[in-house]
Amino acid sequence: MAKHNNVAQEKDANIQVIVRCREAPSRAIRSGSSVVVPPVYGQDVKIGGTPSIARSFHFDGVFGPKATQENVYDKVVSPILHEVMQGYNCTIFAYGQTGTGKTYTMEGDLENGSSSGNTPMAGMIPRTLYNLFYALDKQSAEYYVRVSYVELYNEELRDLLVGTDANAFESTGGSLKVFDSGTDKGVVIQGLEEKIVMNAREAVGLLQQGAMRRKVASTRCNDASSRSHAIFTITVFIRERAVTVEGEDIVKLGKLNLVDLAGSENIGRSGAQDMRAREAGSINKSLLVLGRVITALVEKNSHVPYRESKLTYIIKDSLGGRTRTCMIATISTAADNIEETVKTLQYASQAKGIRNRPVANKKVSKSEIVHDMQLQMEQLRRDLDAARDGSGFYMKFNEYVENTTI
Ligand SMILES: Nc1ncnc2c1ncn2[C@@H]1O[C@H](COP(=O)(O)OP(=O)(O)OP(=O)(O)O)[C@@H](O)[C@H]1O
């Protein structure tokens, strides 16, 4: 089958690291801010207070408390969406202590008409969806868009777009498996539904439903603290004017992963106990492994422990791979959060050293996409048969052998 290489120049690119700083939440002890950031936009964060902690950090961009969702979208996400539409895979992930604005940045306020994507509180996902469909319609392109939304909670994957209510969602736990396809697709989540969406409103509707299903638990740091990682993925297929020598249409494929990580604070401080401790334990496991993966990549170690957590396995290609990646590290100005803030900034600084080699996806012909969809339907049919028999899910033998460690 004919494949069509892009002529776009591919070169190494460091992970882009952005910091967003929010005003201290009302419950924080207001003993004067120790974090100095620009009011709207700059590149430096200064930590003040006592001389022992005084230092400054430099990033690709720093947004202060006065920066709006629109500011962040325009400077950071809009150029990334452009890359996606050129046929690249891109990832944006939000990392930081609980309550510092990861979900606010990624989703924003999903009520109050944010499905239009341009209300002041709309986060990066609704804005991306709105701008994607606007750009596609403006180009009069022939396209189709799929979205998926998955949660990783206690090292278990759950499809946030399946079922109609929270209970139905609970019952899907454990049915998703992650494995390396060994093809251009890289690591895939088997059984995860990808829904075709016709417009931004429909896509944001799915995001809203999924967000409601997301597991939340209360901790002392934040009353509605999210204890899970969530990945919202947008895949776009755009028909190109060119055709293959066989006279077939060519389709360009781009993908954007928007990752909202769980809070990075430690268990002791958040007061997590029992069930919560288990949750916090596995959250820390994923984030710990993420830290180790970052260190291994920066130090150019021969072994990178991607497989030690599901999170790092799933986002493997975004860390040292062929994906263009951006980390948004969220912090607050609260003086009593200073230790966590410094940890987040150190983590983010280290991540700046990761080099990816973004490569545009191979363009494919329409018949290849149809073939791919047929394979997916076949896979789903086998999964269904296996589920009916109570015998698990279907996997090719070689994939099973290669992936029994995860
Ligand atoms: N930049 C901001 N401007 C205004 N409000 C904000 C900002 N960032 C966060 N908030 C508000 O602070 C609260 C906590 O934010 P959010 O839930 O996004 O934190 P989080 O980092 O996702 O926490 P968790 O790790 O618990 O998921 C929310 O009520 C949110 O609306």
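The residue numbers shown here count from 1 along each chain, following its written sequence. Reporting of local features is limited, given that this is a predicted model, to residues whose pLDDT is at least 70; pairs of side-chain atoms are given and counted only at 80 or more, and all residues count toward the totals for whole chains, interfaces and linings. Where side-chain values are given, they derive from all heavy atoms of the structure, hydrogens and water being excluded.

Per an unreviewed UniProt entry, the recorded name for the chain is Kinesin-like protein, and the organism is Coemansia reversa. Word for word, the UniProt comment on the chain under Sequence similarities (unreviewed entry) is "Belongs to the TRAFAC class myosin-kinesin ATPase superfamily. Kinesin family. KIN-5/BimC subfamily." UniProt positions are given in the numbering used here, feature names are shortened, and annotations may be inferred rather than shown by experiment. Of the chain, the UniProt comment under Subcellular location (unreviewed entry) reads exactly: "Cytoplasm, Cytoskeleton".

Peer 1: How would you sum up the overall build of the chain? Please name residues and give values.
Peer 2: Numbering of helices and strands runs from the N terminus, with a helix taken as a DSSP run of H or I at least four residues long and a strand as a DSSP run of E at least two residues long. In terms of helices and strands, the chain carries eleven helices and 18 strands. Note on classification: 1.4 Å probe, protein chains only; a residue is buried when its accessible area is under 20% of the maximum for its type, exposed when over 50%, partly exposed between these limits. Among the 406 residues that make up the chain, the fraction classed as buried is 51%. Contact criterion: two residues are considered in contact whenever any of their non-hydrogen atoms come within 4.5 Å of each other. Excluding contacts between residues fewer than 6 apart, the proportion of contacts in the chain whose partners are at least 24 apart in sequence is 70%.

Peer 1: Kindly report on the packing of aromatic side chains, identifying the contributing residues and their values.
Peer 2: Two rings from Phe, Tyr or Trp (for Trp, the six-membered ring) form a pair when their centres are within 6.5 Å of each other. A pair whose planes differ by under 30 degrees is stacked, one over 60 is edge-to-face, and the rest are tilted. Enumeration according to the criterion identifies six aromatic pairs in this entry. Ring centres of Tyr41 and Phe63 lie 4.9 Å apart, and the angle between their planes is 50°; this geometry places the pair in the tilted category. Taken together, the positions of Tyr41 in strand β4 (residues 41–47) and Phe63 in strand β5 (residues 55–63) put the pair 22 residues apart, joining distant regions of the chain. With a relative accessible area of 1%, Phe63 lands in the buried category. With a centroid separation of 5.2 Å and 75° between ring planes, the pair formed by Tyr149 and Phe232 is classed as edge-to-face. Placement of Tyr149 in strand β7 (residues 143–153) and of Phe232 in strand β14 (residues 229–243) is noted, with a sequence separation of 83 residues between them. Looking at Tyr149, the relative accessible area reads 2%, which means it is buried. Both a distance and an angle decide whether a charge sits over a ring: NZ of Lys or CZ of Arg must be within 6 Å of the ring centre and within 35 degrees of the ring normal. Its end group placed over the ring of Tyr41, Lys75 keeps NZ or CZ at 4.7 Å from the ring centre. Note that Arg324 overlies the ring of Tyr88, its terminal NZ or CZ placed 5.4 Å from the centroid.

Peer 1: Describe in detail the pairing of strand β6 (residues 89–96), supporting the description with residues and values.
Peer 2: Burial analysis of β6 places eight of its eight residues in the buried class, the great majority of the element. Alternating residues of β6 divide into Asn89, Thr91, Phe93 and Tyr95 and Cys90, Ile92, Ala94 and Gly96, and every residue in both groups is buried. If DSSP finds at least two bridges between two strands, the strands pair. In the sheet, β6 pairs with strand β15 (residues 249–260) via six bridges, with the strands oriented parallel. Each residue of the ladder has a partner; that of Asn89, found in β15, is Lys255. Across seven bridges, the pairing between β6 and strand β16 (residues 324–332) is parallel. Each bridged residue has a counterpart across the sheet, and for Phe93 the counterpart in β16 is Met327.

Peer 1: Describe in detail helix α1 (residues 69–85), supporting the description with residues and values.
Peer 2: Of all the bends in α1, the greatest reaches close to 45° and is centred on Val77; the proline Pro79 follows between one and four positions later. For α1, the full list of buried residues reads Gln69, Val72, Tyr73, Val76, Val77, Ile80, Leu81, Val84 and Met85. Note that bend, as reported per residue, equals the angle between axes fitted to the 7 residues terminating at that residue and the 7 residues originating from it.

Peer 1: Now, about the UniProt feature "binding site: ATP" (unreviewed entry) in the chain: what can you tell me, with residues and values included?
Peer 2: According to UniProt, the feature "binding site: ATP" (unreviewed entry) maps to Gly96, Gln97, Thr98, Gly99, Thr100, Gly101, Lys102 and Thr103 in the numbering used here. Among the structural elements, Thr100 can be located in the loop between β6 and α2 (102–106). Structurally, Thr103 is set in helix α2. For Thr103, a relative accessible area of 29% translates into the label partly exposed. Other than its neighbours up to four places away in sequence, Thr103 contacts Gly108, Arg214 and Asp260.

Peer 1: Summarise helix α3 (residues 124–138); cite the residues concerned and give the values.
Peer 2: For a helix, the expected span equals 1.5 Å multiplied by the residue count minus one. Under the 1.5 Å per step criterion, the end-to-end length of α3 is 21 Å for 15 residues, consistent within 8% with the ideal 21 Å. Those residues of α3 lying buried are Met124, Ile125, Pro126, Arg127, Thr128, Leu129, Leu132, Phe133 and Leu136. At the C-terminal side of α3, Ser140 shows a positive phi close to 50°.

Peer 1: Go over the pairing of β7 with me, naming the residues and quoting the values.
Peer 2: Counting buried residues along β7, ten of its eleven residues qualify, which places the element largely inside the surrounding structure. As defined by bridge partners, β7 adjoins strand β11 (residues 195–197) across three bridges and the pair is classed as antiparallel. Bridge pairing links Val147 to Lys195 in β11. The pairing of β7 with strand β8 (residues 156–159) spans four bridges and is classified as antiparallel. Paired with Glu151 across the strands is Arg158, a residue of β8.

Peer 1: Describe unusual backbone geometry, listing the residues and the values that go with them.
Peer 2: Despite not being glycine, Lys300 has its phi angle at roughly 55°, a positive value. For Lys300, the location among the structural elements is in the loop between α7 (274–298) and α8 (310–314). A residue is classified by how much of its surface remains accessible, and Lys300, at 66% relative accessible area, is exposed.

Peer 1: Summarise the packing of α3 against helix α5 (residues 200–213); cite the residues concerned and give the values.
Peer 2: Lines are fitted to the C-alpha atoms to define the axes, a helix being fitted only along its stretch in contact, and any angle between axes, read from their N-to-C directions, falls within 0 to 180 degrees. Their axes nearest at 9 Å, the elements α3 and α5 cross at an angle of 160°. The pairing of α3 with α5 is recorded here as roughly antiparallel in orientation. Once α3 is placed against α5, the crossing between them reads as right-handed. The segment α3 lies against α5, with Ile125, Pro126, Leu129, Tyr130 and Phe133 engaging Ala200, Ala203, Val204 and Leu207. Under the scheme applied here, ten amino acids are nonpolar (Ala, Val, Leu, Ile, Met, Phe, Trp, Tyr, Cys and Pro), four are charged (Asp, Glu, Lys and Arg), and all others, including Gly, are polar. Counted by class, the contact of α3 with α5 contains nine nonpolar, no polar and no charged residues. In these notes the angle categories are as follows: under 35 degrees is roughly parallel, over 145 is roughly antiparallel, 65 to 115 is roughly perpendicular, and the rest is oblique. Handedness of a crossing is defined here by the sense of rotation of the near helix relative to the far one, left-handed for an anticlockwise turn of less than a right angle and right-handed for a clockwise turn.

Peer 1: Can you lay out the pattern of salt bridges for me, pointing to particular residues and giving the numbers?
Peer 2: The rule for a salt bridge is simple: a side-chain nitrogen of Lys or Arg has to be within 4 Å of a carboxyl oxygen of Asp or Glu. One pass over the full model with this rule turns up nine salt bridges. Measuring nitrogen to oxygen at the nearest pair gives 3.6 Å for the salt bridge that ties Lys316 to Asp180. Residue Lys316 is located in the loop between α8 and β16, and its partner Asp180 is located in strand β9 (residues 177–180); the two are separated by 136 residues in the primary sequence. Between Lys343 and Glu340 there is a salt bridge, and its shortest N-O distance comes to 3.6 Å. Pair noted here: Lys343 and Glu340 are both in helix α9 (residues 338–351), with a separation of three residues, about one helical turn. Using a relative accessible area of 41% as the deciding quantity, one classes Lys343 as partly exposed.

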